[in-house]
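One-letter residues, chain by chain:
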Amino acid sequence: MIGAAAVSAVSTYQQSRAQRSQLEQQAAIDEQNAVAADYQKTDAMRRGQETEAMHMLQVGQNRARQEAALAANGVVTTEGSAFGLLADTELFGAIDASTIRDNTAREAYGYSEQARQLRVGAAASRSAGRSINPGFSAFSSLAGSAGQYAASSYFAGQARAS
């Protein structure tokens, strides 16, 4: 019985160490993934800014082509429907740019939130890992085995006494 208790205590100790190590590894992985999500956020913002700039460049080119075509046909572009056409081109371009900015902000927020959640998970794993004490677990296992041994010895002695 004593040998079995010792084997059980050693096994409990090793399992507790392995569990603590696994939690520490998970925390490290979560931290690495959070850093990757931060990079993705930065990349999303950069791509969004580039997309918006390219869009506004295209809007400017379209407006210039419209203005040149109108002027080539002798249309005055500073008044009337020609002016309205050019104003609409700029307006819709600005609306599209705003949509690009909003979509970029949403994508970046998603990565930011993902990084935050990963960091919370890493902190939880670290905390859970710190709460595991392999030595105490082994001691608890030995104490439980000792209690079982004492109880079985007591009841065996009672049976023999009767």
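Quick notes on the rules
- Residue positions are given per chain, counting from 1 as you read along its sequence in written order.
- Predicted model: local features are reported for residues with pLDDT of at least 70 only, side-chain atom pairs are reported and counted for 80 or more only, and whole-chain, interface and lining totals are derived from all residues.
- Note that water and hydrogens are dropped before the side-chain values are worked out from all heavy atoms of the structure.
- Per the convention used, a helix needs a DSSP run of H or I reaching at least four residues, while a strand needs a run of E reaching at least two, with both numbered from the N terminus.
- Between buried and exposed lies partly exposed: a residue is buried under 20% and exposed over 50% of the maximum accessible area for its type, with that area taken using a 1.4 Å probe on protein chains only.
- Contacts are assigned to residue pairs with any non-hydrogen atoms lying within 4.5 Å of each other.
- To be clear on the numbers: accessible area is Shrake-Rupley with a 1.4 Å probe, and residue cover counts the displayed protein chains and nothing else.
- A patch consists of residues exposed above 30% relative accessible area that lack any salt bridge, with like charges linked at up to 9 Å and nonpolar side chains (Val, Leu, Ile, Met, Phe, Trp, Tyr) linked at up to 5 Å.
- What counts as a salt bridge is simple: a side-chain nitrogen of Lys or Arg found within 4 Å of a carboxyl oxygen of Asp or Glu.

**Topic: the overall build of the protein chain**
- Within the protein chain, the secondary structure is distributed over three helices and zero strands.
- When its helices and strands are written in sequence order, the protein chain yields α-α-α.
- A total of 162 residues make up the protein chain; the buried ones form 20% of that total.
- Within the protein chain, residue pairs in contact and separated by at least 24 positions form 84% of the contacts whose partners lie at least 6 positions apart.
- For the protein chain, the accessible area works out to roughly 10,800 Å², and carbon and sulfur atoms hold 57% of it.

**Description of the environment of arginine 130**
- By the element assignment, arginine 130 lies in helix H2 (residues 80–131).
- Sequence-wise, arginine 130 and glutamate 24 are 106 residues apart; in three dimensions their C-alpha atoms are separated by 8.8 Å.

**Comments concerning a nonpolar patch on the surface**
- Together, Leu91, Phe92 and Ile95 make up an exposed nonpolar region whose accessible area comes to about 290 Å².
- Note that leucine 91 resides in helix H2.

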